[in-house]
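Examination of the molecular architecture
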Amino acid sequence: MRVGLVFLPAWIPYNPPLGISCISAALLKEGHTVELFDYNVLIYDEVKDQAGKYWLMDQADKWENKQKFDKYIFPHIAPYLKNLIKDIASKQLDAVGFSTYTSNSQPSSIVIQMLKRVFPDLKIFIGGALVEDSFAYELLEDRLIDAAILGEGEESAIELLKHWQDDIPITKIAGTIVRNKDDEIVKGDKRPLLNMKNLPIPDFSKFDLSKYTSKGFPVEFSRGCVAKCTFCSETNYWVSFRTKTPAQVFKEFKYFKETFGVDQFRIVDSLMNGNHKMLEDMCDLIISEGLKINWYGFCRISNKLTPELLAKMKKAGCIHVNYGIESGSQKVLDLMKKRYKLSEIYKNVKDTYESGIEVHSQILIGFPGEGWFEYFETLKLIFNLRNFFHKIYPGIPLDITTRTHIFDNLDSYNVINEPGKPWRTKDNSNTINIRKFRHWFLIKFLNTIKMQQGYPLAVE
Ligand code: SF4
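Residues numbered from 1 in each chain as written. Predicted model: local features only at pLDDT ≥ 70, side-chain atom pairs only at ≥ 80, totals over all residues. Heavy atoms only, no water.

Note the threshold: UniProt positions are given in the numbering used here, feature names are shortened, and annotations may be inferred rather than shown by experiment.
Here is the UniProt Cofactor (unreviewed entry) comment for the protein, exactly as written: "[4Fe-4S] cluster".

So, in structure tokens, the structure goes:
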């Protein structure tokens, strides 16, 4: 089949999008023809002088809220959405898939509606982090899409296209919600988790690499996380932690360097050190083969991240590690179920600095249970480690999202989370205004101690 895969804004356009590149590689292997449409970077590149600020992380509400989207975003991007329809039409496709996530739900819905109106017979499917049952059922009931893929997409997309290509009547397909042969909307069984060792190398061959803000490729060592922090949905989304083999990752690095001349890699994993043995073996391979590359990504604070392993990572090309430290309060860390001690933070940060790898850190303001005392403990930790940190990411104050322990257990956190309103604690000790003030003050504090900051202050 001739298949198009679409990625719409807004996502900070550092690198080519990995999700549709993985699906593309899997479909190419099955003999399909694949066209990729990264209209996230294409639109960003066209409008960045007037509207580039809307791609920053703290502008997500303008993409997610319909009224704000219509007011702030749509006038800037409307002509490009029409161009996308023409672009898709020119490729004469049989099916088009959309990679959906929270901040591209509005543009995705608009393009899907336009496409179905113009090409009623075109098969349309969605996948990605946004796809929850309710969203999928809504679009299927309105006959705007033909299928939704839940969770990892590679095998489900292959099976779905096989049904469409061979005109096989559908009863149900694992990992999807579809209309079956009797025109009923049916949800398939859960698909067994993918074995990462069988995944092909992602297909980055069709992107205009000059448009991305960072000259590197995204690479996966693993999917999932070994932790279950209570504010985070990673473990629920990916279900269990799995890795590629060290040789597989090495082969990808080498292929990308030799084929595209790319030698910088952003490791997109929830954490690079979910399996310390795999990480060490991969470093050994890079060092022994003399491959000259740079790579960076997130790590979890861990006593297995020893000075010896950090030295190997440095030698193998690791240039920075971004720790999800989040808080300097042991009480808050325990409520988050971070499962490490403050002393381990101090040790990992200092050891990483000593190894020559830059230390970056995420800070998460406003967790329920963070009072003023705990907040100032966080500032104190940053101050104490200021000479070891290279950059701090103040992010945005805590947003309670679906598929997290907090979202499912509001009472146990004393939280009220009403639709359309910012969450607050029952005693009003933690409200949106308090969180905004703490976040604002954190940024002032970082400026005062001359600490570099990561997004949302800049598109890097
Ligand atoms: S916050 Fe980081 S360590 Fe915790 S579950 Fe999420 S990805 Fe894993």
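Structure's up, so let's keep going.
Brief notes about the overall build of the protein
Heads up, the rule is: Put simply, DSSP marks the helices as runs of H or I at least four residues long and the strands as runs of E at least two long, and each gets a number from the N terminus on. When we talk radius of gyration, it's over C-alpha atoms, and the globule rule is simply 2.2 Å times the number of residues to the 0.38. The buried label applies to any residue whose accessible area, calculated with a 1.4 Å probe on protein chains only, is under 20% of its type's maximum; exposed applies above 50%, and partly exposed to all values in between. Any two residues whose heavy atoms approach within 4.5 Å at even a single point are treated as in contact. For every accessible area listed, the method is Shrake-Rupley and the probe measures 1.4 Å; residues are considered covered only by the protein chains on display.
When helices and strands are counted, the protein shows 16 helices and 18 strands. A compact globule built from 460 residues should have a C-alpha radius of gyration of about 23 Å, and the protein, at 22 Å, falls within 12% of that. Residues counted as buried form 54% of the 460 residues belonging to the protein. For the protein, the proportion of contacts with a sequence separation of at least 24, taken over those separated by at least 6, is 74%. Taken as a whole, the protein presents about 20400 Å² of accessible surface, with 52% of it coming from carbon and sulfur.

Considering the site of the ligand
Keep this limit in mind: Only heavy atoms are used to decide nearness, and a residue is near a molecule or strand if one of them lies within 4 Å of it. All residues other than Ala, Val, Leu, Ile, Met, Phe, Trp, Tyr, Cys, Pro, Asp, Glu, Lys and Arg, Gly among them, are scored as polar; the first ten of these are nonpolar and the last four charged.
Taken together, the residues surrounding the ligand are Cys225, Ala227, Cys229, Phe231, Cys232, Glu234, Ser270 and Lys338. Class assignment for the residues of the shell around the ligand results in five nonpolar, one polar and two charged.

As for the sheet that holds strand S18 (residues 452-453)
As a reminder of what qualifies: Pairs of strands are assigned from DSSP output, requiring at least two bridges between the strands.
The strand order S8-S11-S12-S13-S14-S15-S18 describes an open sheet built from seven strands, whose pairing is parallel. Unpaired on one side and paired on the other, strand S8 (217-219) and S18 mark the two borders of the sheet. In the sheet, strand S14 (residues 358-363) pairs with strand S15 (residues 389-393) via four bridges, with the strands oriented parallel. The partner of Ser361 across the bridge, within S15, is Ile392.

Comments concerning a nonpolar patch on the surface
Note the threshold: By definition, no residue in a patch forms a salt bridge, and every one has over 30% relative accessible area; like charges are joined within 9 Å, nonpolar side chains (Val, Leu, Ile, Met, Phe, Trp, Tyr) within 5 Å. Note on definitions: salt bridges are taken to be side-chain nitrogens of Lys or Arg within 4 Å of carboxyl oxygens of Asp or Glu.
A contiguous nonpolar surface patch, about 440 Å² in accessible area, is contributed by Trp372, Phe376, Phe437 and Trp440. Put simply, the parts of the chain that give the nonpolar patch at least two residues each are helix H14 (372-384) and helix H16 (432-448). On the secondary structure map, Phe376 appears in helix H14. By relative accessible area, which is 42% here, Phe376 ends up partly exposed.

Side note on the packing of aromatic side chains
Note the threshold: Within 6.5 Å between ring centres, the rings of Phe, Tyr and Trp (the latter by its six-membered ring) count as paired, and their orientation is classed by plane angle as stacked under 30 degrees, edge-to-face over 60, tilted in between. The criterion is that NZ of a Lys, or CZ of an Arg, lies within 6 Å of the ring centre and within 35 degrees of the ring normal, and then a charge sits over that ring.
Tallied over the entire structure, the rule returns 30 aromatic pairs. Their ring planes at 85° and their centres at 6.1 Å tell us that Phe367 and Tyr413 sit as a pair that is edge-to-face. Pair noted here: Phe367 is in the loop between S14 and H14 and Tyr413 is in the loop between helix H15 (405-408) and strand S16 (415-416), with a separation of 46 residues, a long-range link. Given a relative accessible area of 10%, Tyr413 falls into the buried group. Taken together, the aromatic side chains of Phe204, Phe217, Phe221, Phe253, Tyr255, Phe256, Phe260, Phe265 and Trp295 make up a single cluster linked through ring pairs. Geometry around Phe383 places Arg386 over its ring, the cationic atom sitting 3.9 Å from the centre. The positively charged end of Arg438 is found above the aromatic ring belonging to Trp372, 4.2 Å away from the centroid.

Topic: the nonpolar core
Threshold: Definition used in this section: a nonpolar core is a set of buried Ala, Val, Leu, Ile, Met, Phe, Trp, Tyr and Cys residues joined via side-chain atoms within 4.5 Å. Note: domain ranges come from an automatic or database domain assignment.
Counting residues in each nonpolar core, the largest one holds 79 residues, and the members touching the most others are Phe125, Phe221, Phe253, Phe265, Trp295 and Met313. Formed jointly, this core draws a minimum of three residues from each of two domains, domain 1 (2-187) and domain 2 (214-453). Listed in part, the 40 residues of the second largest apolar core include Tyr39, Ala51, Ile73 and Val131.

Comments concerning the layout of surface pockets
What counts, and what does not: In this analysis a 1.4 Å probe is tested at points of a 1 Å grid over the protein atoms alone, and where it fits but cannot get out there is a cavity; an open set with protein on both sides within 12 Å along at least five of seven lines is a pocket; lining residues have an atom within 4 Å of a point. Grid points are joined across faces, edges and corners, and a volume is the space filled by probe spheres set on the points.
One number sums up the size of the second largest pocket: a volume of about 530 Å³. As for the second largest pocket, its lining consists of 21 residues, of which Leu150, Gly151, Lys190, Tyr237 and Val239 are closest to the centre. Considering each element in turn, the lining of the second largest pocket owes the most residues, three residues, to helix H8 (residues 234-238). A per-class count over the lining of the second largest pocket returns eight nonpolar, four polar and nine charged. Looking at which domains feed residues into the lining of the second largest pocket, each of domain 1 (2-187) and domain 2 (214-453) gives three or more.

Concerning the sheet that holds strand S4 (residues 123-127)
Note the threshold: Working convention: axes come from line fits to C-alpha atoms, limited for helices to the stretch in contact. Angles between N-to-C directions cover 0 to 180 degrees.
If you walk across this open sheet you meet the seven strands as S2-S1-S3-S4-S5-S6-S7, and the pairing is mixed. Every other strand in the sheet has two partners, leaving strand S2 (33-38) and strand S7 (185-187) as the edge strands with one partner each. If you compare each strand with its neighbour and ignore which way they point, the axes differ by 20° on average. Pairing analysis gives six bridges linking strand S1 (residues 2-7) to S2, with the strands arranged parallel. Each bridged residue has a counterpart across the sheet, and for Phe7 the counterpart in S2 is Asp38. Along the sheet, helix H6 (residues 133-141) contacts S4, strand S5 (147-149), strand S6 (176-179) and S7; its crossing angle with S6, the most-contacted strand, is approximately 15°.

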